[in-house]
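Single-letter residue listing:
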Amino acid sequence: QVQLVESGGGLVHTGGSLRLSCAASGSINSINTMGWFRQAPGKQRELVATITSGGTTNYADSVKGRFTVSRDNAKNTVYLQMNSLKPEDTAVYYCNLKTRRTYVNYDYWGQGTQITVSS
């Protein structure tokens, strides 16, 4: 079993910055993709950013140039640096880990953390 624990959520003004962290523990396959999704009230959960264990990143168009995802493989931790925050970024942010064992795909999720950006 894998557990993901998030930290770093909070309230900021437009233009501010926050950094999220997510630490994974348990039986973790070294080959995996970690990242962040978010969900605003009344909307579908959407991808924000992901990073593979090899360092390849992927971002939603809405956050490119403002957010940076990174990871520390030795610590099984993924980070999301969020700059130039906008009210549209307000959502619950969920950490995610995807991995594969034999022919089965696995998804693990953090508890979610609230990000609120005031205008």
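Procedures and definitions
Residues numbered from 1 in each chain as written. Predicted model: local features only at pLDDT ≥ 70, side-chain atom pairs only at ≥ 80, totals over all residues. Heavy atoms only, no water. Helix = DSSP H or I, 4+ residues; strand = E, 2+ residues; numbered from the N terminus. Rg over C-alpha atoms; globule rule 2.2 N^0.38 Å. Buried < 20%, exposed > 50% of the residue type's maximum accessible area, 1.4 Å probe, protein only. Phe/Tyr/Trp six-rings, centres within 6.5 Å; stacked < 30°, edge-to-face > 60°. Salt bridge = Lys/Arg side-chain N within 4 Å of Asp/Glu carboxyl O. Core = buried A, V, L, I, M, F, W, Y, C linked by side-chain atoms within 4.5 Å.

## Considering the overall build of the protein chain
Regarding its fold elements, the protein chain presents zero helices and eleven strands. Going from N to C terminus, the protein chain has its helices and strands arranged as β-β-β-β-β-β-β-β-β-β-β. Taking 119 residues into account, the globule formula puts the C-alpha radius of gyration at 14 Å, and the protein chain, at 14 Å, falls close to it. Oriented by its inertia axes, the alpha-carbon framework of the protein chain measures out at about 45 × 25 × 25 Å. Within the protein chain, the fraction of its 119 residues that count as buried is 40%.

## Remarks on the environment of Ser-30
For Ser-30, the location among the structural elements is in the loop between strand S3 (18–26) and strand S4 (32–39). Taking the C-alpha atoms as reference points, Ser-30 and Thr-99, separated by 69 residues in sequence, lie 8.7 Å from one another.

## Some points on the packing of aromatic side chains
Per the counting criterion, the structure on display carries two aromatic pairs. A ring pair is formed by Phe-37 and Trp-109, whose centres lie 5.2 Å apart and whose planes are at 65°; its orientation type is edge-to-face. Of this pair, Phe-37 sits in strand S4 while Trp-109 is found in strand S10 (residues 104–109), placing the two residues 72 residues apart along the sequence. With a centroid separation of 6.5 Å and an interplanar angle of 5°, the aromatic rings of Tyr-106 and Tyr-108 are classed as stacked. By relative accessible area, Tyr-108 is classed as buried at 15%.

## Observations regarding the pattern of salt bridges
Under the counting rule described, the total for this entry stands at five salt bridges. In this structure, Asp-89 engages Arg-38 in a salt bridge whose closest nitrogen and oxygen atoms are separated by 3.0 Å. Within this pair, whereas Asp-89 is found in the loop between strand S8 (77–82) and strand S9 (91–101), its partner Arg-38 is found in strand S4, the two being separated by 51 residues in sequence. For Asp-89, a relative accessible area of 1% gives the class buried. Within the structure, one salt-bridge network assembled from shared partners comprises Arg-38, Glu-46, Arg-66 and Asp-89.

## With respect to the nonpolar core
In terms of nonpolar packing, the biggest core is built from 29 residues, with Leu-4, Trp-36, Leu-80, Met-82 and Tyr-93 touching the most fellow members. At the level of elements, strand S1 (2–7), S3, S4, strand S5 (46–52), strand S7 (67–72), S8, S9 and strand S11 (113–118) are the ones that each hand at least two residues to this core.

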